[in-house]
Amino acid sequence: MDVYFSPLACSLASRITLYEAGLEATFHRVDTKTGKTASGEDYRAINPKNLVPALRTDDGAVLTENAAILPYLADRRPDAGLAPTGFARYQLQQWLSFIGSELHKWVFTPLLSPTLSAESKAVAKEAAASRLAYLNDHLTGRDWLLDDFSVADAYLAAVLNWNQAVKLDFSPYPAIQAYQARLMTRPAVQKAMGEEFALYQAA
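Residues numbered from 1 in each chain as written. Predicted model: local features only at pLDDT ≥ 70, side-chain atom pairs only at ≥ 80, totals over all residues. Heavy atoms only, no water.

Draft legend 1. Highlighting the pairing of strand β2 (residues 26-31). Sheet topology places strand β1 (residues 2-5) next to β2; four bridges connect them, and they run parallel. When the bridges of β2 are listed, V3 appears paired with F27. Between β1 and its parallel partner β2, the chain crosses via helix α1 (residues 12-21), and the hand of that crossover is right-handed. Across two bridges, β2 lies against strand β3 (residues 36-37) in antiparallel orientation. The partner of D31 across the bridge, within β3, is K36. Turn length for the β2-β3 hairpin, with the two strands adjacent in sequence and antiparallel, is four residues, and the turn residue G35 shows positive phi of about 75°. (Pairing = 2+ DSSP bridges. Helix = DSSP H or I, 4+ residues; strand = E, 2+ residues; numbered from the N terminus. Right-handed = clockwise from strand over helix to strand, strands pointing away.)

Draft legend 2. Expanded view of helix α8 (residues 187-202). Here α8 is 16 residues long and its end C-alpha atoms lie 22 Å apart, about the 22 Å a rise of 1.5 Å per residue gives. Among the residues making up α8, those that are buried are A188, V189, A192, M193 and E196. Buried residues in α8, looked at end-on, bunch into an arc of 110°, giving them a common side. Within α8, the exposed residues directed more than 90 degrees away from the buried face are P187, Q201 and A202. Looking at the packing, one finds that the buried side of α8 touches β1, α1, α5 (151-161) and α7 (174-183). (Expected span 1.5 Å × (residues − 1). Buried < 20%, exposed > 50% of the residue type's maximum accessible area, 1.4 Å probe, protein only. Arc of directions from axis to C-beta. Contact = heavy atoms within 4.5 Å.)

Draft legend 3. Main features of the sheet that holds β1. The sheet built from five strands is open, its strands ordered β3-β2-β1-β4-β5 with mixed pairing. On the outer flanks of this sheet lie β3 and β5 (62-64), each paired with one strand and no other. The strands touched by helix α2 (residues 66-76) are β4 (54-56) and β5; relative to β5, the strand with the most contacts, the crossing angle is about 120°. (Axes fitted to C-alpha atoms, helices over the stretch in contact; angles between N-to-C directions.)

Draft legend 4. Structural detail: the packing of α1 against α5. α5 packs onto α1 with a crossing angle of 140° between their chain directions and a minimal axis gap of 8 Å. Between α1 and α5, the crossing angle belongs to the class labelled oblique. Between α1 and α5 lies a crossing whose hand is right-handed. Residues L12, A13, I16 and T17 of α1 touch α5, and the partners they reach there are V151, A154, Y155, A157 and A158. Residues of the contact of α1 with α5, tallied by class, amount to eight nonpolar, one polar and no charged. (Parallel < 35°, antiparallel > 145°, perpendicular 65-115°, else oblique. Left-handed = near helix turned anticlockwise from the far one by under 90°. Nonpolar A, V, L, I, M, F, W, Y, C, P; charged D, E, K, R; others polar.)

Draft legend 5. How the structure looks around the side chain of R15. Positionally, R15 belongs in helix α1. In this structure, R15 is in contact with F5, F27, A192, E195, E196 and L199, ignoring residues within four places of it in sequence.

Draft legend 6. Structural detail: the packing of aromatic side chains. Taken as a whole and assessed by the stated rule, the structure comprises 11 aromatic pairs. When the centroid spacing of 6.3 Å and the interplanar angle of 75° are considered together, the rings of Y19 and F27 count as edge-to-face. What makes F27 partly exposed here is its relative accessible area of 25%. Ring centres of F170 and Y173 lie 6.5 Å apart, and the angle between their planes is 80°; on these two criteria the pair is classed as edge-to-face. Residue F170 shares its accessibility class with Y173, and that shared class is buried. The ring of F149 has R186 lying over it, and the distance from NZ or CZ to the ring centre is 4.0 Å. (Phe/Tyr/Trp six-rings, centres within 6.5 Å; stacked < 30°, edge-to-face > 60°. Lys NZ or Arg CZ within 6 Å of the ring centre and 35° of its normal.)

Draft legend 7. Highlighting the environment of V52. Examined against the element boundaries, V52 turns out to sit in the loop between β3 and β4. Measuring from C-alpha to C-alpha, the distance between V52 and M184 comes to 23 Å, with 132 residues separating the pair along the chain. Residue contacts for V52: discarding those within four places in its chain leaves Y4, F5, S6, A9, C10, S11, V30 and Y43.

Now the structure itself:
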């Protein structure tokens, strides 16, 4: 199994999930500016969208998008409990969708963009308030997004980590702050973030 990533991008969620599940994969670093992997492979031939993450199975099939890749990884090791069954599975999908659309793309992607205008970033910051308040309310009195740690938490860990760069004020959201602290007590999260931070710094 091959996982294509960029350091500290949303593909970090795949690395966290792999470590949580105890699964093996070969990691391939991608430079999305050039469309090449570290070994010189044409990444667009693997994922024409030129975005990370992408996953190539041992059979050669390719998956893209966190909402597909993360449940796939969880299902490779069901005893790890990273993706529930029954109605909770749809709640997992709900959170993967919320993180991807409402936080990742609507809030953090604009704020991280070096080319968007100040006006566009102001719109993203305004949108962040209601979305973070919703998340904070949900996390109040609970440890994880669902009853147990899941791949949705792995994705949220990657996305909230970007706040180190954009500097949104999280002080109005104490449940989110406590949640981030809990995430960092998990060995898989510590390992994945530490490895990718080192790669990011080295670049």
